[in-house]
Structure formats: structure tokens, C-alpha cells
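Chains, contacts and geometry: an overview
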Amino acid sequence: MIDTSQLVEIRWHGRGGQGAVTSAELVAQAAINEGQYAQAFPSFGPERRGAPVLAFVRISSKQPIKIRTEITEPDVVVVLDPSLLPIANVTSGLKTNGVVIVNTRKLAKQIRQEFGIKGALATVDATKIARELLGVPITNTTMVGALVKATGVVKLGSLLEPIEHRFGRLAERNISAMKRAYEETLVEE
């Protein structure tokens with residue numbers, strides 16, 4: 001688990017249209033609803049759907065966040081699309097006690113061997129869950145569930161209102177996907 005008494009910095013790696021930016025916003029809103037300070041913002045230029053994108057979240061339980069730069073030394077890295085692993089250095093700058101959370105069908109052992117990931121690693125087949133419960137391979141809410149399981153940065157229940165607000169009539173299916181991913185995420189130290 002991450003030490004949530006300090007500033008927690010999360011970097012999301014996804015592709016345009018997969019919901020990395022939405023994920024960051026949902027987590028930040030949940031943290032704010034819990035009385036914490038939070039910010040979420042994307043980093044992308046003229047990319048198109050399918051191009052790599054980054055999104056960032058900072059959460060502080062103690063004081064307002066004044067930093068406004070991209071996160072280069074994250075506590076947590078979330079990878080929404082496993083096809084990014086061989087082409088992007090997703091663990092660049094990851095803190096020593098950091099956590100990597102990957103959407104994958106592979107075992108953590110395989111991911112560690114293929115990509116040299118050390119430390120805590122959480123895996124979940126978020127694409128499978130999204131296809132089964134949402135009907136599309138958009139893994140944003142599933143990976144939010146995995147993030148909560150692996151880090152405890154916010155409470156699962158704190159995400160209900162932001163998801164309901166964001167997704168309206170589709171909220172219940174997204175909440176189900178988040179909860180299922182929470183249950184199915186495997187975390188290895």
C-alpha cells in the first residue's frame with residue numbers, strides 16, 4: 001500500500017479514447033469528496049484516438065497542492081493498455097517504493113520478466129471485465145478499481161458519486177466493472 005499521509009502522485013498511461021483522463025478526474029473527485037486535496041490533468045498534444053496519452057493525479061491529505069507540473073517521479077503508475085509496455089518506459093522515474101498497475105491477461109511474473117518491473121505490481125484483466133460488463137474495451141473504471149485495491153488512495157465508496165455524475169444512465173455498469181476489477185486485481189509486493 002502507498003503511504004497516503006504524504007503527497008501521492010499517480011501517472012496514467014493509456015491511449016486516446018480509453019479513458020485515462022476520465023480515470024484521473026474520477027480519482028481526484030473522490031479524494032476531494034473525502035476531504036483531501038487533489039488535482040487531475042492530462043498531457044497530450046494534437047494526438048488522435050489511439051495515440052499514447054498521459055494523465056496525472058496528485059492527492060494530499062494534509063495541505064493544498066501548489067505543484068502544477070507533469071509528474072516525472074510517480075508513486076503509482078497505471079497502465080490502461082498493455083501494448084504500451086514495449087513502446088513506452090512506463091516506469092520512468094517511479095519511486096523506489098512505487099506501485100505499477102497493469103491491465104493484462106499475463107501473470108505478474110511474466111510482466112516482471114518481460115519488462116523488468118521491480119517492486120509492487122498489480123495486475124488485472126481490465127479489458128475482459130470491460131467487454132463483459134460494459135460491452136466495450138474501455139478500461140477506465142475497471143482500472144480505477146484496480147488502483148484502489150493496489151493503493152488505497154481513496155475508498156471505493158467515494159467513487160460512486162463521481163461515477164454516477166460522469167456516466168449518468170451508464171453509471172451502474174461502470175460501478176459494477178470497478179467493483180469487479182477491485183475484487184480480481186492481484187497485488188504482488
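What this report covers is the structure whose coordinates are included nearby.

Thresholds applied
Residues numbered from 1 in each chain as written. Predicted model: local features only at pLDDT ≥ 70, side-chain atom pairs only at ≥ 80, totals over all residues. Heavy atoms only, no water. Salt bridge = Lys/Arg side-chain N within 4 Å of Asp/Glu carboxyl O. Core = buried A, V, L, I, M, F, W, Y, C linked by side-chain atoms within 4.5 Å. Buried < 20%, exposed > 50% of the residue type's maximum accessible area, 1.4 Å probe, protein only. Helix = DSSP H or I, 4+ residues; strand = E, 2+ residues; numbered from the N terminus. Expected span 1.5 Å × (residues − 1). Phe/Tyr/Trp six-rings, centres within 6.5 Å; stacked < 30°, edge-to-face > 60°. Lys NZ or Arg CZ within 6 Å of the ring centre and 35° of its normal. Axes fitted to C-alpha atoms, helices over the stretch in contact; angles between N-to-C directions. Parallel < 35°, antiparallel > 145°, perpendicular 65-115°, else oblique. Left-handed = near helix turned anticlockwise from the far one by under 90°. Contact = heavy atoms within 4.5 Å. Pairing = 2+ DSSP bridges.

**Quick notes on the pattern of salt bridges**
- On inspection of all chains with the given rule, the structure shows eight salt bridges.
- Of the charged contacts, one joins Glu114 and Lys106 as a salt bridge, the two residues approaching to 2.8 Å between their closest N and O atoms.
- Counted as one network, the salt bridges with shared partners bring together Glu9, Arg58, Asp75 and Lys95.

**Observations regarding the nonpolar core**
- In this structure, Ile10, Trp12, Val78, Ile101, Met143, Leu147 and Leu159 are the most contacted members of the largest nonpolar core, which totals 44 residues.
- If you tally residues by element for this core, the top one is helix α1 (residues 20–33), at seven residues.

**Comments concerning helix α4 (residues 140–151)**
- Taking 1.5 Å of rise per residue, 12 residues should cover 16 Å, and α4 covers 16 Å from first to last C-alpha, within 8% of that figure.
- Listed as buried for α4 are Asn140, Thr141, Thr142, Met143, Val144, Gly145, Ala146, Leu147, Val148, Ala150 and Thr151.
- Immediately downstream of α4, the backbone of Gly152 shows phi near 70 degrees, a positive value.

**Let's talk about the packing of aromatic side chains**
- All told, the structure shown has one aromatic pair when counted by the stated rule.
- Lying over the aromatic face of Tyr182, Lys149 brings its terminal NZ or CZ to 5.4 Å of the ring centre.
- Residue placement shows Arg166 over the ring face of Phe167; its charged tip is 5.9 Å from the ring centre.

**Some details on the packing of α4 against helix α6 (residues 171–184)**
- At a closest axis distance of 7 Å, the pairing of α4 and α6 adopts a crossing angle of 40 degrees. Classified by the angle their axes make, α4 and α6 are oblique. Considering how the two elements wind past one another, α4 and α6 form a crossing that is right-handed. Residue-level contacts link Asn140, Thr141, Thr142, Val144, Gly145, Ala146, Val148 and Lys149 of α4 to Asn174, Ala177, Met178, Ala181, Tyr182 and Glu183 of α6.

**Notes on the pairing of strand β6 (residues 120–124)**
- The element β6 is extensively covered by neighbouring structure, given that five of its five residues are classed as buried.
- The side-chain alternation of β6 yields two buried faces, one formed by Ala120, Ala122 and Val124 and the other by Leu121 and Thr123.
- Bridge count for strand β5 (residues 99–103) against β6 is five bridges, and the pairing is parallel. Residue pairing for β6: Asn103 is matched across the bridge by Val124.
- Inspection of the sheet shows β6 paired to strand β7 (residues 186–188) by three bridges, in the antiparallel sense. From the neighbouring strand, Leu121 faces β7, where its bridge partner is Glu188.

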